[in-house]
Amino acid sequence: MEHRGLDAYGYFEREGSLGQVQDGFKAVVAATRERIAEAYGRRLHSAYLYGSVPRGTARPGRSGLDLLIALHHEPAHEDRDTAEVLARGLDEDFAEIDGVGLLLYGKDTLLSEQERFDLGWFLACLCTPLLGADLAEHLPRYRPDSLLARETNGDLADVLPTWRARAQAASAPDEYRKLSRDFARRLVRTGFTLVMPRWGGWTSDLAESAEVFGTYYPERAAQMRAAAAVALDPVADPAVLRGYIQDLGPWLADEYTARHGRKTRR
């Protein structure tokens, strides 16, 4: 029987671990641990890795380093400034990574009922503990159901106007490449979670996500495969962005709402 990221009882297995970090990324992970502890001190509750680095699939010089930091209190301006300095320093000092994505929250938000099936699920299932006590111990186990689909990616319709504004404001090739990667990743992940309850499992692999989606929506399969390719190798083509915000994105948002409903407004 195909594994599909679930245990024998149908619950998500936590993906990634420090043991899966490739040798080429161990130095940056060690430095990240030290710098987070130094930057936040006693304000820090815990820190986590997510994405390709803890999954062991990162590509040297092409993959980003993704971090989630939980503070004892809700982040203040000073905390966010610290996060920006931390992320910029890691990106500048380690050629192995291409950018640093850093999410910063107070632990009460991460454990809140409102975020139970969004940030809570994300931390418990997709994040690898790096520092501090693991907040996942205070969260439930999760299944790939329609509620989870709605609360994770059921806000694409709300995101599209922002995408249009960002695309209109872009002009340089580097800006187009960044937007194409960001938009494509979100579309592929949304496409996958649209069909996740029917497929009955989980994958973070973008190419596999596109293939799974395509089995349920063959008429859109080629578009989603192309988006998965752009997510891994972004392009500086404004036409690609237009296709996302004028065609694939609106269709996906409508289909998602029809099947799972709109995400609870935060």
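Further up the page is the structure itself.
1. Observations concerning the overall build of the protein chain
When helices and strands are counted, the protein chain shows 11 helices and 4 strands. For the protein chain, the C-alpha radius of gyration of 18 Å lies close to 18 Å, the compact-globule estimate for 266 residues. Principal-axis analysis of the C-alpha atoms gives the protein chain an extent of 50 × 50 × 35 Å. Relative to its 266 residues, the protein chain shows a buried fraction of 49%. Contacts in the protein chain between residues far apart in sequence, at least 24 positions, make up 75% of those at least 6 positions apart. Carbon and sulfur atoms make up 50% of the accessible area of the protein chain, which totals about 12600 Å². In the protein chain, 34 positive and 40 negative side-chain charges are present, and the distance between their average locations comes to 3 Å.

2. Describing the pattern of salt bridges
Summed over all chains, the structure comprises 22 salt bridges. Arg59 is the partner of Asp233 in a salt bridge, and the nearest nitrogen-oxygen pair spans 3.9 Å. Here Asp233, found in the loop between α10 (221–232) and α11 (238–260), pairs with Arg59, found in the loop between α2 (52–55) and β2 (65–71); they are 174 residues apart in sequence, far enough to count as distant. One continuous salt-bridge network, built from bridges that share partners, spans Asp118, Asp155, Arg186 and Lys263.

3. Here's the deal with the packing of aromatic side chains
This structure, assessed with the given rule, holds 11 aromatic pairs. Here Trp163 and Phe183 contribute two aromatic rings whose centre-to-centre distance is 4.2 Å and whose plane-to-plane angle is 10°, an arrangement assigned as stacked. On the criterion of sequence distance, the pair formed by Trp163 in helix α7 (residues 156–169) and Phe183 in helix α8 (residues 173–199) is long-range, its members being 20 residues apart. Taking the relative accessible area as the measure of exposure, Trp163 reaches 5% and is therefore buried.

4. Describing the pairing of strand β3 (residues 100–106)
Of the strand pairs in this sheet, β2 and β3 are connected by 7 bridges, and their pairing is parallel. Bridging from a neighbouring strand, Leu65 pairs with Val100 of β3. Taking the sense of rotation as the criterion, the β-α-β connection linking β2, helix α3 (residues 77–93) and β3 turns out right-handed.

5. What about the nonpolar core?
Counting residues in each nonpolar core, the largest one holds 57 residues, and the members touching the most others are Phe12, Trp121, Leu123, Trp163, Phe213 and Leu252. If one sorts the elements of this core by residue count, α8 sits on top with 11 residues. In contact with Leu123, not counting residues within four places along its chain, are Arg14, Tyr48, Leu68, Leu110, Asp134, Leu135, Ala136 and Leu139. Val29, Leu44, Leu49 and Leu131 belong to the second-largest nonpolar core, a separate cluster that totals 26 residues.

What counts and what doesn't
- Residues numbered from 1 in each chain as written.
- Predicted model: local features only at pLDDT ≥ 70, side-chain atom pairs only at ≥ 80, totals over all residues.
- Heavy atoms only, no water.
- Helix = DSSP H or I, 4+ residues; strand = E, 2+ residues; numbered from the N terminus.
- Rg over C-alpha atoms; globule rule 2.2 N^0.38 Å.
- Buried < 20%, exposed > 50% of the residue type's maximum accessible area, 1.4 Å probe, protein only.
- Contact = heavy atoms within 4.5 Å.
- Areas by Shrake-Rupley, 256 points an atom, 1.4 Å probe, with all protein chains shown as cover.
- Lys, Arg positive; Asp, Glu negative; His and termini not counted.
- Charge placed at Lys NZ, Arg CZ, Asp CG, Glu CD.
- Salt bridge = Lys/Arg side-chain N within 4 Å of Asp/Glu carboxyl O.
- Phe/Tyr/Trp six-rings, centres within 6.5 Å; stacked < 30°, edge-to-face > 60°.
- Pairing = 2+ DSSP bridges.
- Right-handed = clockwise from strand over helix to strand, strands pointing away.
- Core = buried A, V, L, I, M, F, W, Y, C linked by side-chain atoms within 4.5 Å.

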